[in-house]
Amino acid sequence: MVHAGIAGYGVYVPYMRIKIPEIAKVWGKDGDKAARGLGVYEKALGAIDEDSATFAVEAGRRAFEHCKLDPARVEAVYVGSESKPYAVKPTASIVAEALGSTPHLTAADFEFACKAGTAGIQACMGLCIAQMIDLGLAIGSDAAQGRPNDALEMTAGAGAAAYVISAKKEEQIATIEKTYSYTTDTPDFWRRSHAEFPMHAGRFTAEPAYFKHVAECAREIMKRTGTKPEDFDYFVPHQPNGKFPVRVAKLLGFTEAQVKPALVTPFIGNTYSAAAMIGLSAILDIAKPGQRILVTSYGSGAGSDGFIITVNDLIDQKRPAKARHFFELINNKTYVDYATYAKHRRKIKSM
Amino acid sequence: MKHPLPLIWRMIPEKYYLMGSHCATCKNDFFPFRQICPNCRRLGKVSEKRMPTTGTVYSFTEVSAPPSGFEFEVPYPLAIIELDNKVKILAQIIDAPMEKIRIGSRVQMRFRRVGDDDEESAISYGYKFALIEDAASSAKTDKPAKTPKPTVSKG
């Protein structure tokens, strides 16, 4: 059987940051307490001329800069996002055109809250394993939305991660050994047509939603592959904040050392469709050949995609440039105040 | 500035990946794309060529009285950029305060919105440039990417 694998990856995080206490003070809240409670200290935000399509293009370009493969070989581009610039018109076609992958390919946008990007990885894997394509591109990208003075505003970040998925073993820096998904109809978070901001069900988003789906997905994929938490070097769950991923890891029997290197949300906020994928990139930046990674994304609505990934020897020859490592690239930033944030995120209604 | 849809669409190769032209007779590159070589005229043999996506700041200024559509971005740096093949283009510099920009600063192309007339119109995307140290890139030069050949099958 052909195993699909990761040939390259790229991450884009916009330049601007806002600290959580800066948001909290506008709404009369205790900022330090809010940041501590969420485990998020600052979040990234896109400039007024950025959106999830521009993030996706930048991440895609970095993925091809990393793998050094020809983008014209790509035969499938899937972009997962819940903050598409158009309600009707694909972001994937913009990305494919900008990367030089058009016209001989299929392209589509995926939507499943925060796991739409990993759904794109699964679609690329399926096409690779069926030997319908050699190379696919899956991107998770979001300029995450949060209503002013809503709890989500404290965490909704911005960024994108792109993964080049190859059917050729010799191109894979890491092989995806197994994928499994756990899905139910659980309305914990949504955005209705024409609504600007999403709604959420408060605490309902935790136990019956995030924790249940991530934990069940992780347990089932381990059961189906006869693996245990100690068989993995790293665990990368979806990270809506800095606390949930650590709690779910503990619940499943993973140690903090297995999950902490993947925590990116405390530094850039919850990047929704990109969150688990950026977390995986932080692990691939440091992973050694032979190490195993368990990834479980989570999308409200609700579902979790699980992946068991084994790192290959090729990773040592194909590391991204140091400046492209997640914990390096986030150092290029500038802090803005709430008024500047409101302008760039178009929260001022007269604009 | 209004961005008519046919113009947005026709300019995608230029705006998305700096598609310019090359004259095989005089060996010069041109951007934007030229149908006829201004040096060789009818003797020129012109073909499409992607420009390099890195270059240096040749000159720059700060725009504080912008054209319509850029009101919310002021003040912003606007630069003449000399690409690595010596072709000069005019572009915004993003994600950098004015005091960090110098003549000779290395820059790299970025993909941004360049026109968004209103909430119901098509969005125009295109190139802007970021300082290379700020673009978090270790790449000091960038060879021109191969021009895609859309008619070649991937089969």
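Residues numbered from 1 in each chain as written. Chains lettered and ligands numbered in written order. Predicted model: local features only at pLDDT ≥ 70, side-chain atom pairs only at ≥ 80, totals over all residues. Heavy atoms only, no water.

### Quick notes on the overall build of chain A
Secondary structure summary: chain A contains 13 helices and 14 strands in total. Rg of the C-alpha trace for chain A: 19 Å, near the compact-globule value of 20 Å for 351 residues, within the 12% margin. Residues classed as buried in chain A amount to 62% of the 351 residues present. If you take every contact in chain A between residues at least 6 apart in sequence, the share linking residues at least 24 apart comes to 79%. Of the roughly 12700 Å² that chain A leaves accessible, carbon and sulfur atoms contribute 54%. Chain A carries 42 positive and 38 negative side-chain charges, and their two centres are separated by 4 Å. (Helix = DSSP H or I, 4+ residues; strand = E, 2+ residues; numbered from the N terminus. Rg over C-alpha atoms; globule rule 2.2 N^0.38 Å. Buried < 20%, exposed > 50% of the residue type's maximum accessible area, 1.4 Å probe, protein only. Contact = heavy atoms within 4.5 Å. Areas by Shrake-Rupley, 256 points an atom, 1.4 Å probe, with all protein chains shown as cover. Lys, Arg positive; Asp, Glu negative; His and termini not counted. Charge placed at Lys NZ, Arg CZ, Asp CG, Glu CD.)

### A word on the pattern of salt bridges
All chains considered together, the criterion is met by 28 salt bridges over all chains. The structure contains a network of salt bridges with shared partners spanning D49(A), E50(A), E58(A), E73(B), D95(B), R110(B), R112(B) and K128(B). (Salt bridge = Lys/Arg side-chain N within 4 Å of Asp/Glu carboxyl O.)

### Things to note about the domain arrangement of chain B
Residues and elements named next belong to chain B. Looking at chain B, the domain boundaries give domain 1 (1-17 + 53-135) and domain 2 (19-51). Contact residues are listed per partner, giving nine residues for domain 1 and seven residues for domain 2. Three residues, E14, Y17 and V87, lead the burial of domain 1 against domain 2; their summed loss comes to 56% of the area buried on that side. Here domain 1 and domain 2 share zero salt bridges between them. Broken down by element, the residue count for the side of domain 1 that touches domain 2 peaks at three residues, all from helix 2 (residues 12-17). Within the side of domain 1 that touches domain 2, the residues separate by chemical class into six nonpolar, two polar and one charged. (Domains from an automatic or database assignment. Buried area = accessible area lost by both parts, 1.4 Å probe. Nonpolar A, V, L, I, M, F, W, Y, C, P; charged D, E, K, R; others polar.)

### Here we look at the nonpolar core
Judged by nonpolar contacts, the single largest core of 45 residues is most densely connected at I6(A), Y163(A), I165(A), L284(A) and I293(A). Looking at which domains feed residues into this core, each of domain 1 (5-172 + 319-343) and domain 2 (176-315) of chain A supplies at least three. With residues up to four places along the chain from it excluded, the contact list for I293(A) reads F232(A), Y234(A), V236(A), L280(A), I283(A), L284(A), F307(A), I308(A), I309(A) and V311(A). Grouped together as the second largest cluster of nonpolar side chains are 36 residues, A7(A), A59(A), V74(A) and Y16(B) included. (Core = buried A, V, L, I, M, F, W, Y, C linked by side-chain atoms within 4.5 Å.)

### Here's the deal with the packing of helix 6 (residues 206-225) of chain A against helix 7 (residues 244-252) of chain A
Residue and element names in this part refer to chain A. One way to put it is that helix 6 packs onto helix 7 with a least axis distance of 10 Å and a crossing angle of 50 degrees. Compared by their axis directions, helix 6 and helix 7 come out oblique. Crossing angle aside, the handedness with which helix 6 passes helix 7 is right-handed. Contacts between helix 6 and helix 7 involve A206, E207, Y210, F211, V214, A215, A218 and R219 on the former and, on the latter, F244, P245, R247, V248, L251 and L252. Residues that form the contact of helix 6 with helix 7 fall into these classes: eleven nonpolar, no polar and three charged. (Axes fitted to C-alpha atoms, helices over the stretch in contact; angles between N-to-C directions. Parallel < 35°, antiparallel > 145°, perpendicular 65-115°, else oblique. Left-handed = near helix turned anticlockwise from the far one by under 90°.)

### What to know about the packing of aromatic side chains
Using the criterion set out here, one finds 19 aromatic pairs over all chains in the structure. Pairing Y210(A) with F244(A) gives two aromatic rings, centres 5.2 Å apart and planes at 45 degrees, and the pair type is tilted. With a gap of 34 residues between them, Y210(A) in helix 6 and F244(A) in helix 7 connect regions that are remote in the sequence. The exposure class assigned to F244(A) is buried, which follows from its relative accessible area of 17%. Plain terms: the ring middles of Y210(A) and Y298(A) are 5.6 Å apart, the flat faces sit at 75 degrees to each other, and that makes the pair edge-to-face. With Y210(A) in helix 6 and Y298(A) in the loop between strand 12 (292-296) and strand 13 (301-311), this residue pair connects regions lying 88 residues apart in the sequence. For the residue pair Y210(A) and Y298(A), the accessibility class agrees, reading buried in each case. What links up through ring pairs into an aromatic cluster is the set Y210(A), F211(A), F244(A) and Y298(A). Cation over ring: R50(B) sits above Y17(B), and NZ or CZ is 4.1 Å from the ring centre. The residue whose ring lies beneath K88(B) is Y58(B), and the NZ or CZ to ring-centre distance is 4.6 Å. (Phe/Tyr/Trp six-rings, centres within 6.5 Å; stacked < 30°, edge-to-face > 60°. Lys NZ or Arg CZ within 6 Å of the ring centre and 35° of its normal.)

### What to know about the sheet that holds strand 2 (residues 16-19) of chain A
Residue and element names in this part refer to chain A. Spatially, three strands are ordered 3-2-14 in an open sheet, and the strand pairing comes out mixed. Single-partner strands in this sheet number two, and they are strand 3 (42-45) and strand 14 (334-335). In the sheet, strand 2 pairs with strand 14 via two bridges, with the strands oriented parallel. By the bridge assignment for strand 14, R17 is matched with Y335. (Pairing = 2+ DSSP bridges.)

### Some points on the domain arrangement of chain A
Residue and element names in this part refer to chain A. Structurally, chain A comprises domain 1 (5-172 + 319-343) and domain 2 (176-315). Once you take the C-alpha centre of each, domain 1 and domain 2 turn out to be 16 Å apart. Listed as interface residues are 60 residues of domain 1 and, on the opposing side, 54 residues of domain 2. Together, the buried faces of domain 1 and domain 2 total about 4400 Å²; carbon and sulfur atoms form 61% of this surface. Of all residues in domain 1, C114, R319 and F326 give up the largest surface area on contact with domain 2, accounting jointly for 15% of the area buried on that side. Our count for the contact surface shared by domain 1 and domain 2 stands at one salt bridge. Among the ionic pairs, D305 bridges to K115, the shortest N-O distance being 3.0 Å. Where domain 1 meets domain 2, there are 26 residue pairs in polar contact (both at pLDDT 80 or more). Residues that form the side of domain 1 that touches domain 2 fall into these classes: 30 nonpolar, 17 polar and 13 charged. (Polar contact = N/O pair within 3.5 Å; in protein donor to acceptor, adjacent residues only side chain to side chain.)

### Looking at the sheet that holds strand 4 (residues 76-80) of chain A
Residues and elements named next belong to chain A. Spatially, the nine strands line up as an open sheet ordered 5-4-6-7-1-8-13-12-11, and their pairing is mixed. In this open sheet, the two edge strands, each paired with only one partner strand, are strand 5 (106-110) and strand 11 (234-237). Each neighbouring strand pair of the sheet contributes to a mean axis angle of 20 degrees, computed without reference to strand direction. Sheet analysis places strand 1 (residues 5-12) next to strand 8 (residues 174-186), joined by two bridges and oriented antiparallel. Looking at the pairing, G5 lines up with T175 of strand 8. Against the sheet, helix 3 (residues 52-67) engages strand 1, strand 4, strand 6 (135-143) and strand 7 (158-166), with an angle of about 130 degrees to strand 1.

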